[in-house]
Amino acid sequence: MARPGLGVARFGMVIASFWPLFLLWIIRGSPLIKDWILLICCGILIIIPNALVLTRIYCARSQNDTKMIRVENAEDHRDHILIYLIAILLPVYSLPLDTWRNIAALIIALILVIIIFWLLNLHYMNLFLTIFGYKIYTINPLNLPEQTNRRDNFVIITKKSSLVEGEQIKMYRISDTIFIDFS
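What counts as what
Residues numbered from 1 in each chain as written. Predicted model: local features only at pLDDT ≥ 70, side-chain atom pairs only at ≥ 80, totals over all residues. Heavy atoms only, no water. Helix = DSSP H or I, 4+ residues; strand = E, 2+ residues; numbered from the N terminus. Expected span 1.5 Å × (residues − 1). Buried < 20%, exposed > 50% of the residue type's maximum accessible area, 1.4 Å probe, protein only. Contact = heavy atoms within 4.5 Å. Axes fitted to C-alpha atoms, helices over the stretch in contact; angles between N-to-C directions. Parallel < 35°, antiparallel > 145°, perpendicular 65-115°, else oblique. Left-handed = near helix turned anticlockwise from the far one by under 90°. Nonpolar A, V, L, I, M, F, W, Y, C, P; charged D, E, K, R; others polar.

A. Expanded view of helix α3 (residues 35–62). When the terminal C-alpha atoms of α3 are compared, their 39 Å separation across 28 residues agrees well with the 40 Å that a helix rising 1.5 Å per residue should span. Listing the buried residues of α3 in full gives Leu38, Cys42, Gly43, Ile46, Pro49, Asn50, Val53, Arg56, Ile57 and Ala60. Considering only its buried residues, α3 is in contact with α1 (6–16), α2 (19–28), α6 (127–131), β5 (168–173) and β6 (178–180). Backbone geometry just downstream of α3 places Asn64 in the positive-phi region, at approximately 55°.

B. Summary view of the packing of α1 against helix α5 (residues 100–119). One way to put it is that α1 packs onto α5 with a least axis distance of 10 Å and a crossing angle of 130°. Judged on the interaxial angle alone, α5 and α1 are oblique. Considering only the axes of α1 and α5, their crossing is right-handed. Packed against α1, whose contacting residues are Gly7, Arg10, Phe11, Val14 and Ile15, the element α5 presents Ile114, Phe117, Trp118 and Leu119 at the interface. When grouped by side-chain class, the residues that make up the contact of α1 with α5 number seven nonpolar, one polar and one charged.

Structural data, given as C-alpha cells:
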C-alpha cells in the first residue's frame, strides 16, 4: 500500500531526473522565449523537484523510515544512466526551440517520457546520484516478500561498489520502491 506523500516524492524524482535537459535548455536558449523567462522556468524545474527529493530523504532520515533489506538477486543498473542519456535526454534536447509548434511538440514528447518513467518506475534516474558516487541496484526478492511487504522488484541506491548476496543493509525509504543507503 502506498504511503502518504510518497507519490509526491516519486513525481519529484521523475521531474528531477530531467535536470540536465533543463540546464541545457537554459544554456541553449530559444529565439521565441526571452532568456530570463527560460532561466526562471527551467530553474524552477531543476530546483523544486530536487528540493522535493532532498526533503523526502531528510524526512526519511529524521523519522527513521527504514527497512532492513536483504540483498537477493541484485542487478547493477549503471547502464540505465547511459541508456537515459542516449535514448531520452539527447533526442529530446536535439528538438529545436525555434517555433511554437516545435516547442509544443517538445513539451508533449517530454510529458510522454515522464509518463513512461512513472509507469516503468524509472524515477531513480538522476545524474546527481551518479555525480555523488551512488550506484543503483535492482533487488528481485524471490523468496522474501516480508522485506518490503511486497514481491515486486525494488531499487536500492548505495555508494557500495558491489553487493554481497545475503547481506543485510539498513536502508531509508524514499518511495515505495526506492531505498537509499547512507552507511
